[in-house]
Amino acid sequence: MTLDLTWTGNHFLDPREQSERMRSATASLDVTTRGDVWSREVAAAVAGHFDVPAPFVRVGAGATQLIDTLLRSARPGLVVDVTPNFHLTATVSRQQGWDYRSVPVRESEELLPALAPYLDRPEAITVLCSPRNPLGYQFDLETITTLLSRARGLVVLDEVYADFAPDTALRLVSRFPHLVVMRTFSKAWGMADLRIGFAVSQMFARDDFPFWLMPNSVSGVAQQTALHLLGRPEAVRESIERTQVCRHRLVAGLERIEGLRVWPSDANYVCLETPYAEAVVAELREAGYTTRLLHDLRDYPADWPAGVRISVAPESETDALVRCVARAHAAADRTARTAP
């Protein structure tokens, strides 16, 4: 059996048990009638669970719809995309013919210097993800606070993996009116096929900010499921804790392999860099693990080192994954050293 470790959903939620929770949440739902047009009940539940003001929350059909709607509503004069990032920002910008700038950033400390030319421009929308995909690390809140203090334009922070991280910029939204934080129920909450997420910003409480979200964007089934899980989050919390434990174990094991660069991770995947990335992916595939080459990801910088993204797998697979990577890396290294 092959374990798909290219998938960045929650490997620690039993799919049958989670599906049963969802079915029980909607067992009495009348699907012949329309649900809450604006998902206000879900927004209130999100506000309570994540400790943010309810007027700041908007619910939509996943972070994808929310980012798309926000960008089109704001009609930016300039889009500054901190890459690597979810390709949607680049795709929408190119479709609309906006002035789009890709700003590649590898190390966390490179962020502010790289954005310096754009921070004084009020027409600029800066978009970045944290934790980062595929590198995995989260920008610390001191860095994000400095960015928000200096940026004159809108800052959109994609936090779709932040449930797995130690911190969140949600606690900054009350301080910075130009911050928008995007979150999803698709990853840690195991609701990918139901398409529901939320955005949080002070701006949504203002009458003069255009945010043209379509009514009835989120189905009643998705709304009722989200309400059920927010009211009973124990299984999700346990799965997140297990992910964090296994992530630590996976990173620690990989760091013992000489010749790898293993990025620190605050997400549910780990990024490693090695010149033997293709050999590692092939060996993992042979052992039953499907993983992703970094340069197979859309718009990943071509001049960055070769590497592999591996989603955090359940406890029973962690040590086997490390052994497989070590075996492949050592074999490729021997071959390279003995080649004429």
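Rules behind the numbers
Residues numbered from 1 in each chain as written. Predicted model: local features only at pLDDT ≥ 70, side-chain atom pairs only at ≥ 80, totals over all residues. Heavy atoms only, no water. Axes fitted to C-alpha atoms, helices over the stretch in contact; angles between N-to-C directions. Helix = DSSP H or I, 4+ residues; strand = E, 2+ residues; numbered from the N terminus. Parallel < 35°, antiparallel > 145°, perpendicular 65-115°, else oblique. Left-handed = near helix turned anticlockwise from the far one by under 90°. Contact = heavy atoms within 4.5 Å. Nonpolar A, V, L, I, M, F, W, Y, C, P; charged D, E, K, R; others polar. Pairing = 2+ DSSP bridges. 1 Å grid on protein atoms, 1.4 Å probe; cavity = no way out; pocket = protein on both sides within 12 Å on 5 of 7 lines; lining within 4 Å. Points joined across faces, edges and corners; volume = space filled by probe spheres on them. Buried < 20%, exposed > 50% of the residue type's maximum accessible area, 1.4 Å probe, protein only. Arc of directions from axis to C-beta. Polar contact = N/O pair within 3.5 Å; in protein donor to acceptor, adjacent residues only side chain to side chain. Salt bridge = Lys/Arg side-chain N within 4 Å of Asp/Glu carboxyl O.

(A) Local environment of the packing of helix H2 (residues 40-50) against helix H7 (residues 220-231). Contact pair H2 / H7: the axes reach a minimum separation of 10 Å and the direction vectors enclose 25 degrees. Judged on the interaxial angle alone, H7 and H2 are roughly parallel. Of the two possible hands of crossing, H2 and H7 adopt the one that is left-handed. Here H2 contributes Glu41, Val42, Ala45, Val46, His49 and Phe50 to the contact with H7, which in turn contributes Gln223, Ala226, Leu227 and Leu230. Residues that form the contact of H2 with H7 fall into these classes: seven nonpolar, two polar and one charged.

(B) Examining the sheet that holds strand S10 (residues 269-273) more closely. The strand order across the open sheet built from four strands is S9-S10-S13-S12, with neighbouring strands paired in antiparallel fashion. Edge strands, defined here as strands with exactly one partner in the open sheet, are strand S9 (261-262) and strand S12 (292-293). Pairing of S12 with strand S13 (residues 307-311) involves two bridges; the strand directions are antiparallel. Looking across to S13, one finds that Leu293 is bridged to Val308. Packing of helix H9 (residues 277-286) onto the sheet brings it into contact with S12 and S13, and relative to S13 it is tilted by some 35 degrees.

(C) Local environment of the layout of surface pockets. Roughly 670 Å³ of internal volume is contained in the largest pocket. In this structure, the largest pocket is lined by 29 residues; those nearest its centre are Thr8, Phe86, Asn133, Tyr161 and Lys187. Of the residues forming the lining of the largest pocket, the biggest block, three residues, is contributed by helix H3 (residues 62-74). Its residues assigned to classes, the lining of the largest pocket shows 13 nonpolar, nine polar and seven charged. Taken as a whole, the second largest pocket holds about 330 Å³ of empty space. Along the walls of the second largest pocket sit 17 residues, with Trp7, Asn10, Leu13, Pro15 and Gly190 positioned nearest its centre. Among the elements that take part in the lining of the second largest pocket, helix H1 (residues 15-25) stands out by supplying four residues, more than any other. Class assignment for the residues of the lining of the second largest pocket results in nine nonpolar, six polar and two charged.

(D) Structural view of empty space enclosed by the protein. For the structure on display, the rule yields one cavity of 30 Å³ or more. The volume enclosed by the largest cavity comes to roughly 40 Å³. Every residue along the wall of the largest cavity is listed here: Tyr118, Leu119, Arg121, Ala124, Thr126, Ala151, Arg152 and Gly153. Classifying every residue of the lining of the largest cavity by side-chain character gives four nonpolar, two polar and two charged.

(E) Main features of H1. Along H1, the positions that sit buried rather than exposed are Gln18, Met22 and Ala25. Taken down its axis, H1 places every buried residue within 60 degrees of arc, on the same side. Against H7 lie the buried residues of H1. Where H1 starts, the residue carrying a side-chain oxygen 2.9 Å from the main-chain nitrogen of Arg16 turns out to be Asp14.

(F) Layout of the pattern of salt bridges. The final tally for this structure, using the stated rule, is 15 salt bridges. Measuring nitrogen to oxygen at the nearest pair gives 2.9 Å for the salt bridge that ties Glu273 to Arg106. Within this pair, whereas Glu273 is found in strand S10, its partner Arg106 is found in the loop between strand S4 (99-104) and helix H5 (111-115), the two being separated by 167 residues in sequence. With respect to class, Glu273 is no different from Arg106; both count as buried.

(G) Representation of the packing of H9 against helix H10 (residues 315-338) within the structure. Packing of H9 against H10 brings their axes to within 9 Å, and their N-to-C directions diverge by 135 degrees. Classified by the angle their axes make, H9 and H10 are oblique. For the crossing formed where H9 meets H10, the hand is right-handed. Contact residues: Ala279, Val280, Glu283 and Leu284 in H9; Leu321, Cys324, Val325, Arg327, Ala328, His329 and Ala332 in H10. Tallied by class, the residues present in the contact of H9 with H10 amount to eight nonpolar, one polar and two charged.

Shape is all these values report; function is a separate question.
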